[in-house]
Amino acid sequence: EIGGNDEIMATFLSADELTAPEGSRVLFGYPLPADKAERRTGMVIAVRRLHYVLPALLKAGVRLEHIYDY
């Protein structure tokens, strides 16, 4: 757990829409206002799956923008 939470939210930047890996779900996705060729995607990720989800997305060329510690 992180801060007592079983899930954590993170945002990612990519050129295309993202498919959520197992252990995560997409909350939102939209083109960046300043650069329509790039998308921001927010995902909720199970903390116990972070070590699978993050490498899978990064391997696919997705860039981690922020992990929210709420």
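See the structure printed just above.
The present account deals with the structure reproduced in this document. (Residues numbered from 1 in each chain as written. Predicted model: local features only at pLDDT ≥ 70, side-chain atom pairs only at ≥ 80, totals over all residues. Heavy atoms only, no water.)

## Quick look at helix 1 (residues 50-59)
Looking only at helix 1, the buried set comprises Leu50, Val53, Leu54 and Leu57. For helix 1, the angular spread of buried residues about the axis comes to 90 degrees, placing them on one side. Helix 1 presents His51 and Lys59 as exposed residues on the side facing more than 90 degrees away from its buried surface. Glycine 61 lies just past helix 1 and shows a positive phi near 90 degrees. (Buried < 20%, exposed > 50% of the residue type's maximum accessible area, 1.4 Å probe, protein only. Helix = DSSP H or I, 4+ residues; strand = E, 2+ residues; numbered from the N terminus. Arc of directions from axis to C-beta.)

## A few points about the pattern of salt bridges
Inspection of the entire model under this criterion finds 3 salt bridges. Ionic pairing is found between arginine 25 and glutamate 7, a salt bridge with its closest N-O pair at 3.0 Å. Of this pair, arginine 25 sits in strand 2 (residues 24-32) while glutamate 7 sits in strand 1 (residues 7-14), and the two are 18 residues apart along the sequence. On the basis of relative accessible area, arginine 25 is assigned to the partly exposed category, the value being 41%. Residue arginine 40 pairs with glutamate 65 through a salt bridge whose shortest N-O separation is 2.8 Å. Taken together, the residues span a long stretch of sequence, with arginine 40 in strand 3 (residues 35-46) and glutamate 65 in strand 4 (residues 63-68) at a distance of 25 residues. (Salt bridge = Lys/Arg side-chain N within 4 Å of Asp/Glu carboxyl O.)

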